[in-house]
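So you can see what is in the structure, the chains are spelled out below.
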Amino acid sequence: MLTVAIATEFDDYDAEVSRVLLEQALARSVVRWQTSIRFNGDKSVKKLAPLYVRRALAEGVRHFLFTIDNDGGQRRRPQHAPEHDEIAEAADERDGCRWCWISRAAQVDSPAVRCIAVPVQTMETWLLVARGEALSPSPEQCYHRPTLKKRFFGTPLPATDVRTRLAVDVIRQPHALHALRGLRSFQLFEAQLGIEGWRG
Ligand SMILES: [Zn+2]
């Protein structure tokens, strides 16, 4: 059982979906570190990240996951690439890379390890792909966020607990990981988990 400090835009839905995604990717049980710090939106994650990290480290937590939606398709906010100038990207609040944006705020020192997940547009992009839906040319390019949410959950949108259950059920399907691995945004997420701190 691995305890992970999981910082996401909303504590109920996003955090649980992120936890199960991590669990599936690592093939080991993950529990979320419990704290009184609550998040409400991407800006709150960035603002509270240093405090969140400090408090978790003080309580012995050594694993961190930060999940932020990219909210920009591929026209704004490019997907992260190793050659990014993190400071410059992070400084561009409107159009810069969201991976760099949260990375600047969410530094953790060794021996702690950190992973950042940035689904393109929104988490529902990953959920639709995990469910095996063929979205052509790409959900990351041509769908608005509300469209993605409605397509996954239907209308009206169910309550948070129902959405969480539906999402988690899809992620746990046998072929979900395989489908997700075709997405560059998911590859970026999973590549960070190959190091010893996560696998050991
Ligand atoms: Zn970047």
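The structure contained in this document is the topic of the report that follows.

What counts and what doesn't
- Residues numbered from 1 in each chain as written.
- Predicted model: local features only at pLDDT ≥ 70, side-chain atom pairs only at ≥ 80, totals over all residues.
- Heavy atoms only, no water.
- Pairing = 2+ DSSP bridges.
- Helix = DSSP H or I, 4+ residues; strand = E, 2+ residues; numbered from the N terminus.
- Axes fitted to C-alpha atoms, helices over the stretch in contact; angles between N-to-C directions.
- Contact = heavy atoms within 4.5 Å.
- Buried < 20%, exposed > 50% of the residue type's maximum accessible area, 1.4 Å probe, protein only.

**Points about the sheet that holds strand E2 (residues 30-32)**
At step 1: If you trace the four strands from one edge of the open sheet to the other, you get E2-E1-E3-E4, paired in parallel fashion. This sheet does not close on itself; its edge strands, each paired only once, are E2 and strand E4 (113-117). Shown here is a sheet whose adjacent strand axes are inclined to one another by a mean of 30°, direction ignored.
At step 2: Sitting on the sheet, helix H2 (residues 42-58) touches strand E1 (2-8), E2 and strand E3 (63-67), and the angle it makes with E3 is about 170°.
At step 3: Helix-sheet contacts for helix H4 (residues 98-105) involve E3 and E4, and the interaxial angle to E4 is about 150°.

**A few points about unusual backbone geometry**
At step 1: Residue Pro111 is bonded to the preceding Ser110 through a cis peptide linkage, with omega at 10°.
At step 2: Positionally, Pro111 belongs in the loop between H4 and E4.
At step 3: Residue Pro156 is reached from Thr155 by a cis peptide bond, and omega for that bond is -10°.
At step 4: Counting through the fold element by element, Pro156 comes out in the loop between helix H7 (145-153) and helix H8 (160-171).
At step 5: Residue Ala27 is not a glycine yet carries a positive backbone phi of 55°.
At step 6: For Ala27, the position within the fold is in the loop between helix H1 (13-26) and E2.
At step 7: Look at Ala27 and you get exposed, because its relative accessible area is 72%.

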